[in-house]
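Here is what each chain is made of, one letter per residue.
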Amino acid sequence: MVLEILNPWRSPPDAFEPLPLPLLLLRAPVKLLLYNLHHLLTHLRSAPKPTHPAIRIVCISDTHNHIPADVPDGDILVHAGDMTNGGSVAELQAQIDWLCALPHREIVVVAGNHDTYLDPRTRGSLSEDEREGGLDWGRVHYLQHKLVTLVVAPQTSSAGDTTADADARTPLLGEQEQGKRRLRIYGAPQIPACGEYGVHAFQYPRGSDAWSETIPEDVDVLVTHTPPKFHRDLALSQGLGCEHLLREVGRVRPALHVFGHVHWGAGREVVHWDRAHEAYVQGMGRESRYVRGVLDVKLWWSLVKVIYRGVRELLWDRVWGGQSTRTLLVNAAQTTGNTGKLGNRIQVVEI
């Protein structure tokens, strides 16, 4: 039994666990190379700068009834779903009360698949006691396929504050007037199916399009529970995010997209909406055929395009100062893997 657990070639027990590196090398060696080269070239590009005055956004998700210690201060706090485990009214209200007590000027929340009561389709799976009463959202902006416009007078930006990673800074399209910023934030909870339909909330069949033309075009911040495909979603070897959401984010191109759901994907990355990214998505989306992709000419061609286009974009950025349209993606999951315990870093960004 111990040998089986330590075997690096054994598949993890479920799709929400990362594959060991030896198994990735065996199953998808070309995609592993593609993934790492694309992210290396993206990382080498210059760090975006926030608009002035910068708005400080604290991003969390997947707290699952827990309360993180030492939540950093900021102008806006975003919770991207899975506030609870069982999704009862009592569990939800406890999380809402905690959020309302935080010092952030604005609180924005979407639901996750564990927040059962919030989806009428799954509410019946709760007992009468678990459904009893109602929810008092207080000052929380709960977004369920909803848009909210916030006018924020940002706190003084602390350029030397080490909790705000320079790699996370992106320009924003919000208005500036008299020291204030206007942000349009859209939130939606739906996710590709990951469990029993009668229990897990807001699910749709994996592969179905639940996103096209659903997000307003002039959104500055997008909050969803599911990640977009191949970005902070255990992209190797197949990805747990939604390809239709990725396409919709690419159409709208918000300054910031916050999500969670896939605990192992916690962190951030910048997506540049250019031809190098197109080649990356195209290659990652191919089935690893012909000896695990090793003899797949089209997959290798995607790799060549990622290198060629990525180097061109890097030179355009670093030598000529050119910038493509980009979006900061943040997987804000607080739960560490499938441990049920909080431990991931709280993501703080300035935009």
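Scroll up to find the structure this text is about.
Every value quoted in this text rests on a predicted model; they were computed, and no experiment measured them. Every residue gets a number counted from 1 within its own chain, in the order that chain's sequence is written. In view of the model being predicted, local features appear only for residues whose pLDDT reaches at least 70, and side-chain atom pairs are presented and counted only at 80 or more, with totals across whole chains, interfaces and linings using the full set of residues. Where side-chain values are given, they derive from all heavy atoms of the structure, hydrogens and water being excluded.

Undergrad: What should I look at first to understand the pattern of salt bridges in this one?
TA: Opposite charge on two side chains makes pairing possible when the charged atoms of those side chains draw close. Throughout this description, the term salt bridge denotes a Lys or Arg side-chain nitrogen within 4 Å of a carboxyl oxygen of Asp or Glu. Following the criterion strictly, the structure yields 10 salt bridges and no others. Close ionic contact of Glu248 with Arg251 constitutes a salt bridge, the shortest N to O distance being 2.7 Å. Linking Glu248 with Arg251, this pair stays in helix H6 (residues 243-252), spanning three residues, or about one helical turn. Assessed through its relative accessible area of 3%, Glu248 is described here as buried. If you follow the salt bridges from partner to partner, you end up with Glu213, Glu217, Glu248 and Arg251 in one network. The helix count covers DSSP runs of H or I at least four residues long, the strand count covers runs of E at least two residues long, and both are numbered beginning at the N terminus. Each residue's exposure class comes from its accessible area (1.4 Å probe, protein chains only) as a fraction of the maximum for that residue type: buried when under 20%, exposed when over 50%, partly exposed otherwise.

Undergrad: For this particular structure, what's the right way to read the sheet that holds strand S3 (residues 106-109)?
TA: As a general point, the strands of a sheet are linked pairwise by backbone hydrogen bonds and lie either parallel or antiparallel. Two strands qualify as a pair provided that DSSP identifies no fewer than 2 bridges between them. Taken together, five strands build an open sheet; the order of strands is S4-S3-S2-S1-S14 and the sheet is mixed. With one partner strand each, in any of the chains shown, strand S4 (140-142) and strand S14 (347-350) form the two edges of the open sheet. In this sheet, neighbouring strand axes are inclined to one another by 20° on average, regardless of whether the strands run parallel or antiparallel. Judged from the four bridges that link them, strand S2 (residues 76-79) and S3 form a sheet pairing that is parallel. Note that in S3 the partner of His79 across the bridge is Val109. Lines are fitted to the C-alpha atoms to define the axes, a helix being fitted only along its stretch in contact, and any angle between axes, read from their N-to-C directions, falls within 0 to 180 degrees.

Undergrad: I keep staring at the environment of His145 and nothing clicks. Help me out?
TA: Tracing the backbone shows His145 in the loop between S4 and strand S5 (146-152). Taking the C-alpha atoms as reference points, His145 and Gln190, separated by 45 residues in sequence, lie 9.0 Å from one another. Residues in contact with His145, not counting those within four places in the same chain, are Tyr186, Gly187, Ala188, Pro189 and Gln190. Within the structure, His145 has its side chain in polar contact with the side chain of Gln190 (distance 2.7 Å). Should any heavy atoms of two residues lie within 4.5 Å, those residues are considered in contact. Within 3.5 Å is the distance limit for a polar contact, defined as a pair of N or O atoms, with the added protein rule that one can donate a hydrogen and the other accept it, and that residues adjacent in sequence qualify only through two side-chain atoms.

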